[in-house]
Amino acid sequence: MKDYDIIKGDCILTTQKIEEESIDLSVFSPPYDNIRDYKKGWVFDYSALGKNLYKITKDGGVCAVVIGDGTKNFAKSLTTFKLAVNWCENANWRLFETCIYQRDGNPGAWWKSRFRVDHEYVLLFFKGGRPKTFNKEPLMIPAKHAGKMYSGTDRLTNGNFKKIKPKTVNSMKCRGTVWKYGTSNTEGNRIKLEHPATYPDKLAQDLILCFSKPGDVVLDPMCGSGTTCVMAIKNNRKTIGIDINSDYCDITKNRIKNETTQQQIMFEKLATI
Ligand SMILES: C[S@@+](CC[C@H](N)C(=O)[O-])C[C@H]1O[C@@H](n2cnc3c(N)ncnc32)[C@H](O)[C@@H]1O
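Throughout what follows, the structure given in this document is the object of discussion. (Residues numbered from 1 in each chain as written. Predicted model: local features only at pLDDT ≥ 70, side-chain atom pairs only at ≥ 80, totals over all residues. Heavy atoms only, no water.)

Some words on the overall build of the chain
When you go through the chain residue by residue, the secondary structure sums to six helices and 14 strands. Taken over 273 residues, the chain has a buried fraction of 46%. Within the chain, counting contacts between residues at least 6 apart in sequence, those at least 24 apart form 74% of the total. (Helix = DSSP H or I, 4+ residues; strand = E, 2+ residues; numbered from the N terminus. Buried < 20%, exposed > 50% of the residue type's maximum accessible area, 1.4 Å probe, protein only. Contact = heavy atoms within 4.5 Å.)

This is the structure:
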């Protein structure tokens, strides 16, 4: 395949044509609960998509779904949880982790009768025994007490305390499960903002760096403005983007042209599509 392929099409029909066990990682955000107007009508059959994605993913491959829940008549839709249970029970996916993507700087003084929603979920599914790539080094975060001596106690599972030997706190520590990013509005990317519902470049990049290697194939079956595809190419991964709306496919292609260098474009066309 070439380094990228952007396909205008329905995600269910198009993923049916992709070669089985050919995708290393999928990163995407589906339209959920009519929260945004995408101009063209769509139906999101998440059950069928889960099965297709499972088929085309390699053993040990990962699928990251950035998703939230709408609110109707004061109650949350549970879309996220339904998708997670459906994919694990009906499509063989296994849930690696549920992370929270916290949108930093979300305005919202108008939220009167409930909390201001400033998060979405990042459902991390894997196929097979365990994820074949898990590189958390690029996702490490600075430790608050870096360089200081730490002496104290650890809490045991039975509730008792155990004294530990004094040790120096490392400068970086392991990322937790709450991931905070500025919204796409803060990125200053006008082409990207032509799409109504994008996630931050850094979120896509973190997932790509953690769960894939250079040369791997990264799929976004609902690519919108192409955030996943751009970040995949920038990090020397091959990528396939699919969107039902041709305007959004054009935005993706423009972004690839403007934001990646020719050097990053080095593979051949995907044979099966
Ligand atoms: C939340 S947006 C994705 C945004 C993307 N993650 C980004 O950062 O730009 C969801 C996208 O799904 C697309 N979509 C909706 N139904 C689809 C379908 N059946 N097949 C393919 N794409 C679809 C919409 O056109 C929209 O661009």
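Next, the rest of the story.
A few points about the pattern of salt bridges
A full pass over the atoms with the stated rule returns twelve salt bridges. Across the pair Asp216 and Lys132 runs a salt bridge, and its minimum N-O distance is 4.0 Å. Linking Asp216 in the loop between helix H4 (201-211) and strand E13 (217-220) with Lys132 in the loop between strand E7 (119-126) and strand E8 (141-142), this pair joins segments that are 84 residues apart in sequence. Given a relative accessible area of 35%, Lys132 falls into the partly exposed group. Linking Asp206 and Arg175 is a salt bridge whose minimum nitrogen-to-oxygen distance equals 3.0 Å. Of this pair, Asp206 sits in helix H4 while Arg175 sits in the loop between strand E11 (172-173) and strand E12 (178-182); the two residues are 31 residues apart in sequence, bridging distant segments of the chain. As far as the burial class goes, Asp206 and Arg175 line up, both buried. The network of salt bridges with common partners includes Glu187, Lys192, Asp201, Arg255 and Glu259. (Salt bridge = Lys/Arg side-chain N within 4 Å of Asp/Glu carboxyl O.)

Observations concerning the packing of aromatic side chains
In total, this model carries eleven aromatic pairs according to the counting rule given. A centroid spacing of 5.5 Å and a plane angle of 70° characterise the contact between Phe81 and Tyr121, whose relative ring orientation is edge-to-face. Here Phe81, found in helix H3 (residues 79-90), pairs with Tyr121, found in strand E7; they are 40 residues apart in sequence, far enough to count as distant. Given a relative accessible area of 16%, Tyr121 falls into the buried group. (Phe/Tyr/Trp six-rings, centres within 6.5 Å; stacked < 30°, edge-to-face > 60°.)

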